[in-house]
Amino acid sequence: MAQLKENILDKEYFEDTQKDKYLTFSMGKEEYGIEIRYVTEIIGMQAITEVPELPDYIKGIINLRGKIIPVMDVRLRFKKEFKEYNDRTCIIVIDIKDISIGLIVDAVSEVMSIAEQDIVPPPDSKTGFHNRYVKGIGKIDNGVKLLLDCDKLLNDEETEDLSLPV
C-alpha cells in the first residue's frame, strides 16, 4: 500500500514538473510548441525506408534501436512546401494514441514554460483561421508559439493504419 501511494505521488510530481512545459520548434518562420508530456526523444535525421500506400506526409519508417516507428513530415502535414532536410532538421519522437511517431521538423528550439494564463484559443474559423492542429496560441514576450494538439495530428483511421505491423 505504501509503495502504491509512493508511486502515485511520484506520478503526480512527474506530471506537475511537466505542467506548462512545451518543446518548441520551427518550421519556416513559424514557431510551434508541443506539450512536453508527449515527447519521448529528439533525434537527428536518419535513413527513412519508404512504405508504399502511405499518405505523402508519412515519409516512411525508421528503426529506432530496434523499434520500428513511422515518421511524418510536419511541413507536408500542414500543407506547406517541402524543404530539403539539412543538419538542423530533427525528428521529434512522440507518443500519441498508444503509438510512437516521429515528427520531422525544420529545427528544435528549446523547452519553455508557457503559463496557462498566457495561452489563448486560436481565432475561430470566421476570421479565416482553419487549422485543426493548433489548440492554442502561447504569448511569449512580443511573439507567439502555435501550440499543437498532438491528438489531432493523426485521425482515427490513420492511427489504425499506422498501428498495424509494418
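Computed from a predicted structure; not experimentally measured. (Residues numbered from 1 in each chain as written. Predicted model: local features only at pLDDT ≥ 70, side-chain atom pairs only at ≥ 80, totals over all residues. Heavy atoms only, no water.)

Focus: the pattern of salt bridges
We apply this condition: Salt-bridge detection follows one rule: a side-chain nitrogen of Lys or Arg within 4 Å of a carboxyl oxygen of Asp or Glu. Only DSSP runs of H or I reaching four residues or more are called helices, and only runs of E reaching two or more are called strands; each is numbered from the N terminus. Each residue gets one of three labels from its accessible area relative to the maximum for its type: buried under 20%, exposed over 50%, partly exposed in between, using a 1.4 Å probe on protein chains only.
Enumeration over the complete set of coordinates arrives at 10 salt bridges. With a shortest N-O distance of 2.4 Å, E35 and K135 are connected by a salt bridge. Of this pair, E35 sits in strand β2 (residues 30-35) while K135 sits in strand β10 (residues 134-140), and the two are 100 residues apart along the sequence. A residue is classified by how much of its surface remains accessible, and E35, at 15% relative accessible area, is buried. Among the residues examined, K135 registers a relative accessible area of 37% and is labelled partly exposed. The residue D106 makes a salt bridge to R75 at a minimum N-O spacing of 2.8 Å. In this pair, D106 sits in the loop between β7 (99-105) and β8 (107-113) while R75 sits in helix α2 (residues 74-77), placing the two residues 31 residues apart along the sequence. For the pair D106 and R75, one class covers both residues: buried.

What to know about the pairing of strand β4 (residues 58-64)
For clarity, the threshold we go by: By this definition, two strands are paired if DSSP reports at least two bridges between them.
Counting buried positions over the 7 residues of β4 gives 5, a clear majority of the element. The sheet contact formed by β4 and strand β5 (residues 67-73) spans 6 bridges and is antiparallel. Looking at β5, one finds that I58 is bridged to M72. Hairpin connection, β4 to β5: the antiparallel pair is bridged by 2 residues, and R65 has positive phi, about 50 degrees.

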